[in-house]
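Chains, contacts and geometry: an overview
The primary structure of each chain is shown beneath.
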Protein chains: 2
Amino acid sequence: MKKKMITISREFGSGGRTIGRILADQLGFAFYDKEIIEKLVEKTGYDKKFVEEQAEYAPGKNVFSYAFVGRTIDGMSLNDYLWRAQRETILELAAKENCVIVGRCADFVLKDRDDVLNVFIHANKEFRAKRIVEQYGESTDKPMKRLEDKDKKRAVNYKYYTDQTWGMCRNYHLSLDSSEIGIEGCVRMIRDLVE
Amino acid sequence: MKKKMITISREFGSGGRTIGRILADQLGFAFYDKEIIEKLVEKTGYDKKFVEEQAEYAPGKNVFSYAFVGRTIDGMSLNDYLWRAQRETILELAAKENCVIVGRCADFVLKDRDDVLNVFIHANKEFRAKRIVEQYGESTDKPMKRLEDKDKKRAVNYKYYTDQTWGMCRNYHLSLDSSEIGIEGCVRMIRDLVE
């Protein structure tokens with residue numbers, strides 16, 4: 001089955017987003033990462049910063065902030081409401097055009113379609129630590145701690161919404177170690193599969 | 001770094017062994033799967049059937065059989081003794097020649113070498129159920145149960161000896177869904193990486 005969409009899940013700093021962007025360029029696919037946030041803001045009317053903070057991470061990361069965000073009129077928590085809106089957005093994008101979607105449990109949202117290629121990108125910690133400092137600059141936290149915190153949040157979010165374990169081979173058609181294969185090598189392997 | 005060895009871990013019925021054998025033929029590498037059992041029998045002097053039963057599965061699968069297998073003179077359980085002998089065998093093979101090794105936690109045993117490519121092959125259950133009946137014939141257990149039992153044993157064994165989770169992307173340079181990519185497709189992708 002010819003693939004019309006690629007979802008890319010990735011460890012923080014592994015270059016997954018970069019790989020997705022290059023693939024989208026080379027294949028002439030649309031590219032969605034933070035663009036989904038814009039669409040969610042449009043759809044829900046919520047503040048962008050709030051959506052950014054809530055959309056990628058599961059409730060529970062901060063019990064107090066969760067308690068205070070309240071519920072929608074029909075009793076759904078705002079997190080669950082945002083998840084539903086995000087899910088709808090992904091399905092709308094998928095129906096509209098060929099695209100690459102980074103993160104946001106898109107592999108799970110689109111699991112019933114057979115024209116989607118699900119990819120996981122990971123890398124060893126040294127490669128990732130170096131890369132996040134190059135890409136995002138220094139921070140008060142050490143790079144290793146930043147990696148661990150971000151990966152943990154992604155894993156918890158994925159578990160909460162999909163009931164699957166983040167980073168298990170069986171959830172993806174293809175997983176690649178970008179520190180071994182290189183960013184360009186990963187792009188080439190995924191493109192070969194899609195073409 | 002040019003790869004001199006490929007380890008293939010695999011879900012039961014995914015075609016991982018077949019992929020390994022074709023790769024070994026095409027690359028001119030030695031191929032080790034059950035051949036390691038022969039070497040273990042030679043090394044330890046134990047009965048082949050006993051080694052076959054014990055070597056791939058962790059203690060705990062059957063508490064009683066474990067209790068009765070006894071201990072070596074230096075107090076090591078026979079399972080641990082066999083694990084150590086298997087580990088030594090894999091390291092000896094790796095030192096001797098270019099090879100493909102299927103299963104036996106070889107990815108973990110060889111993790112400190114940078115000339116090893118670690119691969120995980122998995123597939124959806126329908127593909128695997130069909131394949132095990134074609135390859136190994138019918139049995140009194142239903143194919144789905146056979147898959148689940150065997151995968152569970154492999155996961156427990158891997159966890160026991162490596163303290164890692166079996167089938168996590170980060171333990172492998174490359175993981176491939178053979179039901180999506182096909183046996184030949186998997187061979188081609190791995191070969192391209194090695195060459």
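Refer to the structure printed above.
What you see is a predicted model; the values in this text were computed from it and never measured.

Before going further, it helps to examine the relation of the copies chain A and chain B. Of the transformation superimposing chain A on chain B, the axial component is 0.0 Å and the angular component is 180°, with the fit at an RMSD of 0.0 Å. Viewed as a symmetry operation, the transformation between the two copies matches a two-fold axis. Mapped onto chain B, 100% of the interface residues of chain A are again interface residues, and the two copies thus contact each other with one and the same surface.

As a further point, take the packing of helix α1 (residues 16-27) of chain A against helix α10 (residues 183-194) of chain A. Residue and element names in this part refer to chain A. Remark: α1 packs on α10, axes separated minimally by 10 Å, with the N-to-C direction vectors making an angle of 45°. As summarised for this structure, α1 and α10 are arranged oblique, according to the angle between their axes. Crossing of α1 against α10: the hand is right-handed. Only Ile-183, Glu-184, Cys-186, Val-187, Ile-190, Arg-191 and Val-194 of α10 make contact with α1, whose side of the interface consists of Thr-18, Ile-19, Ile-22, Leu-23, Gln-26 and Leu-27. Here the contact of α1 with α10 is composed, by residue class, of 9 nonpolar, 2 polar and 2 charged.

Each side of the interface is counted separately: chain A has 20 residues, and chain B has 20 residues. Of the roughly 1700 Å² buried where chain A meets chain B, counting both sides, 59% is carbon and sulfur surface. Counting across the chain A and chain B interface gives 4 salt bridges. A:Glu11 is the partner of B:Arg170 in a salt bridge, and the nearest nitrogen-oxygen pair spans 3.2 Å. Connecting chain A to chain B are 13 residue pairs in polar contact (both at pLDDT 80 or more). When residues of the side of chain A that touches chain B are assigned to their parent elements, the largest contribution, 4 residues, is made by strand β5 (residues 174-177) of chain A. Partitioned by chemical class, the residues of the side of chain A that touches chain B number 10 nonpolar, 5 polar and 5 charged. The pairing of β5(A) with strand β5 (residues 174-177) of chain B spans 3 bridges and is classified as antiparallel. When the sheet's bridge partners are listed, A:Leu176 is paired in β5(B) with B:Leu174.

Reading the values: the criteria
Residues numbered from 1 in each chain as written. Chains lettered and ligands numbered in written order. Predicted model: local features only at pLDDT ≥ 70, side-chain atom pairs only at ≥ 80, totals over all residues. Heavy atoms only, no water. Least-squares fit on C-alpha atoms with pLDDT ≥ 70 in both. Contact = heavy atoms within 4.5 Å. Axes fitted to C-alpha atoms, helices over the stretch in contact; angles between N-to-C directions. Helix = DSSP H or I, 4+ residues; strand = E, 2+ residues; numbered from the N terminus. Parallel < 35°, antiparallel > 145°, perpendicular 65-115°, else oblique. Left-handed = near helix turned anticlockwise from the far one by under 90°. Nonpolar A, V, L, I, M, F, W, Y, C, P; charged D, E, K, R; others polar. Buried area = accessible area lost by both parts, 1.4 Å probe. Salt bridge = Lys/Arg side-chain N within 4 Å of Asp/Glu carboxyl O. Polar contact = N/O pair within 3.5 Å; in protein donor to acceptor, adjacent residues only side chain to side chain. Pairing = 2+ DSSP bridges.

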